[in-house]
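Inside the fold
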Amino acid sequence: MHESDPTVASGRHDVNAAVAVARDAIASATSLDVLDKVRASHLGKRSALATVQRTLGGLPDDARRALGALINAARAELAELEAERRLALEAQRDSVVLADEAVDVTLPARIPRRGSLHPVHETTEAVVDVLVGLGYKVLDGPEVETDWHNFTALNSPPDHPAKSLSDTIYVQPLTHDVRPTPDGTTGVLLRPQTSPGQIRAMLDQPPPLYIVIPGQVYRADTADATHLPMFHQIEGLAVDTSLSFADLKGTVAEFARAILGTDTELRFVPDHFPFTEPSAQLLARHDGRWMELLGCGMVHPNVLRAGGYDPEQVRGFAWGVGVDRMAMMRHGVTDIRQFVDNDMRFLAGFS
């Protein structure tokens, strides 16, 4: 190298100075982020070495080769120092992370809390299990029903109060083709009861018939301590050649006491439903008062006919039990709204 050339001598001096400063910066880097900044400052496009390198184009060939070799050697040295420092900082970082995430395997395991069935769902399963044990078969029915299945076939007259907008929630006709029901209507509603499942079951299969139909139902009710606009029912239907009201009473009392306890006070009181005759309500004593548990009765001959059965050949009984109210009695709940409030503190009590 031509040491007498002032440009070459200055370049050598600048390279040595840049390397000395970079060595100190690399050695004093306290984190990977700081080291990244040091690398950019001393090995990047705006570093002192890069500034010297840009002067090479104006030097003679021998001087350019000599000074270029010095710059390359400086870069290689700094890159090696930076890599060594990076390994040390990464090891330091990993040791801190491992210490923070260390698990004491001598401590007892933390078992996550398991979920549980919602009390209404649990009560539904319990009731269905009892009835299946009595020989009943579980069926399902649509929540969006036709006016015919829900009212007409169940012997409800056209002016029945339950058909008013204040009681039943109607929806718009379906956009696709709807097969007209036997009375020529295509009225669509959210079922206010599981009873239309009786008609569908009878139309689908001949007697004898012993079925239960659990599901959600909808009514235009205002929520209070014992009412919800959406709640759950279990419909029961038995059709055979020689059934009586005594069979009905024995059946509903059996599963009510199986769910609520054998010492539960029950009583039947006369009532009226268009789809049963005679009809009754089953009340259960809860929290010092009588609460309506289910409606029941002998299936009306007109309902049997709508289902395709001959009332001269078969008789039947049916009931619809409010599962939410039964769950209230089963678990000592005083306000039915707690079942739909999604309060985890309340639901945790049923784990």
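Note that the coordinates shown come from a computational prediction; the quantities given were computed from them, not determined experimentally. (Residues numbered from 1 in each chain as written. Predicted model: local features only at pLDDT ≥ 70, side-chain atom pairs only at ≥ 80, totals over all residues. Heavy atoms only, no water.)

Thoughts on the overall build of the protein
Broken down by element type, the protein carries 11 helices and 9 strands. In summary, the protein has a C-alpha radius of gyration of 42 Å against a globular reference of 20 Å for 351 residues, an excess of more than 25%. Considering only C-alpha atoms, the protein reaches an extent of 130 × 55 × 35 Å along its principal axes. With 351 residues in all, the protein has 40% of them scored as buried. Long-range pairs, those at least 24 residues apart, make up 66% of the contacts in the protein with a sequence separation of at least 6. Summing over all exposed atoms, the protein offers an accessible surface of approximately 19300 Å²; the carbon and sulfur share of this is 53%. Side-chain charges of the protein comprise 33 positive and 47 negative groups, with the mean position of each set lying 6 Å from the other. (Helix = DSSP H or I, 4+ residues; strand = E, 2+ residues; numbered from the N terminus. Rg over C-alpha atoms; globule rule 2.2 N^0.38 Å. Buried < 20%, exposed > 50% of the residue type's maximum accessible area, 1.4 Å probe, protein only. Contact = heavy atoms within 4.5 Å. Areas by Shrake-Rupley, 256 points an atom, 1.4 Å probe, with all protein chains shown as cover. Lys, Arg positive; Asp, Glu negative; His and termini not counted. Charge placed at Lys NZ, Arg CZ, Asp CG, Glu CD.)

Observations concerning the packing of aromatic side chains
On inspection of all chains with the given rule, the structure shows 7 aromatic pairs. Consider the rings of Y136 and W319, whose centres lie 5.7 Å apart with planes at 75°: the pair is edge-to-face. Note that Y136 is positioned in the loop between α5 (119-133) and β1 (137-138) and W319 in strand β9 (residues 315-322), a separation of 183 residues in sequence. Of the two residues, Y136 and W319, both sit in the buried class. Ring centres of F339 and F346 lie 6.1 Å apart, and the angle between their planes is 55°; on these two criteria the pair is classed as tilted. Among the residues examined, F346 registers a relative accessible area of 16% and is labelled buried. Through pairs of rings, three or more aromatic residues link up here, namely Y136, Y210, F255, F317 and W319. (Phe/Tyr/Trp six-rings, centres within 6.5 Å; stacked < 30°, edge-to-face > 60°.)

Considerations on the packing of helix α8 (residues 245-260) against helix α10 (residues 323-331)
Interaxial distance between α8 and α10 falls to 9 Å at its minimum, and their mutual angle equals 45°. Classified by the angle their axes make, α8 and α10 are oblique. When α8 is examined against α10, the residues F255, A256, I259 and L260 are found in contact with a partner set consisting of M326, M329 and R330. Its residues assigned to classes, the contact of α8 with α10 comprises 6 nonpolar, no polar and 1 charged. (Axes fitted to C-alpha atoms, helices over the stretch in contact; angles between N-to-C directions. Parallel < 35°, antiparallel > 145°, perpendicular 65-115°, else oblique. Nonpolar A, V, L, I, M, F, W, Y, C, P; charged D, E, K, R; others polar.)

Side note on unusual backbone geometry
Put simply, P207 and P208 share a cis peptide bond, and its omega is 0°. Relative to the helices and strands, P208 is located in the loop between α7 (196-204) and β4 (209-218). Following E277, the chain continues to P278 via a peptide bond in cis, the omega torsion being -5°. Residues other than glycine seldom take positive phi values, yet N155 does so here, at roughly 70°. Relative to the assigned elements, N155 resides in the loop between α6 (147-152) and β3 (188-190). Taking the relative accessible area as the measure of exposure, N155 reaches 23% and is therefore partly exposed. In the Ramachandran plot, N342 falls in the positive-phi region, its phi being about 55° despite a non-glycine side chain. Take N342: it is sitting in the loop between α10 and α11 (344-347). With a relative accessible area of 62%, N342 lands in the exposed category.

Structural notes on the domain arrangement of the protein
Where interface size is quoted, it is often the accessible area lost as the parts come together. By the assigned domains, the protein splits into domain 1 (2-100) and domain 2 (119-350). The centre of domain 1, based on its C-alpha atoms, is set 85 Å off from the matching centre of domain 2. (Domains from an automatic or database assignment.)

A closer look at the environment of A348
Position of A348 relative to the elements: it lies in the segment after α11. Between the C-alpha atom of A348 and that of S116, which follows or precedes it by 232 residues, the distance is 8.3 Å.

Some remarks on the pattern of salt bridges
This model, assessed by the stated rule, comprises 9 salt bridges. We note a salt bridge from R86 to E82, for which the minimum N-O separation is 2.7 Å. Taken together, the residues R86 and E82, both in helix α4 (residues 61-100) and 4 residues apart, mark about one turn of the helix. Three or more residues are tied together by salt bridges with common partners; here these are D36, R39, E82 and R86. (Salt bridge = Lys/Arg side-chain N within 4 Å of Asp/Glu carboxyl O.)

Overview of the layout of surface pockets
A water-sized probe rolled over the atoms picks out the places where empty space is left. Approximately 930 Å³ is the volume attributed to the largest pocket. Those elements that place two or more of their residues in the lining of the largest pocket are α6, β5 (230-240), β6 (266-273), β7 (276-286), β8 (289-299), β9 and α10. For the lining of the largest pocket, the leading source of residues is β8, giving 8 residues. Residues that form the lining of the largest pocket fall into these classes: 16 nonpolar, 18 polar and 9 charged. (1 Å grid on protein atoms, 1.4 Å probe; cavity = no way out; pocket = protein on both sides within 12 Å on 5 of 7 lines; lining within 4 Å. Points joined across faces, edges and corners; volume = space filled by probe spheres on them.)

Comments concerning the sheet that holds β5
A sheet is described by the order of its strands in space; here 7 strands give the open sequence β1-β4-β5-β9-β8-β7-β6, paired in mixed fashion. The open sheet has two edge strands with one neighbour each: β1 and β6. As paired strands, β7 and β8 are joined by 9 bridges and run antiparallel to one another. What sits directly across from T276, in β8, is V299. (Pairing = 2+ DSSP bridges.)

A short note on the environment of P274
For P274, the position within the fold is in the loop between β6 and β7. Linking P274 and H300, residues 26 residues apart in sequence, is a C-alpha distance of 7.6 Å.

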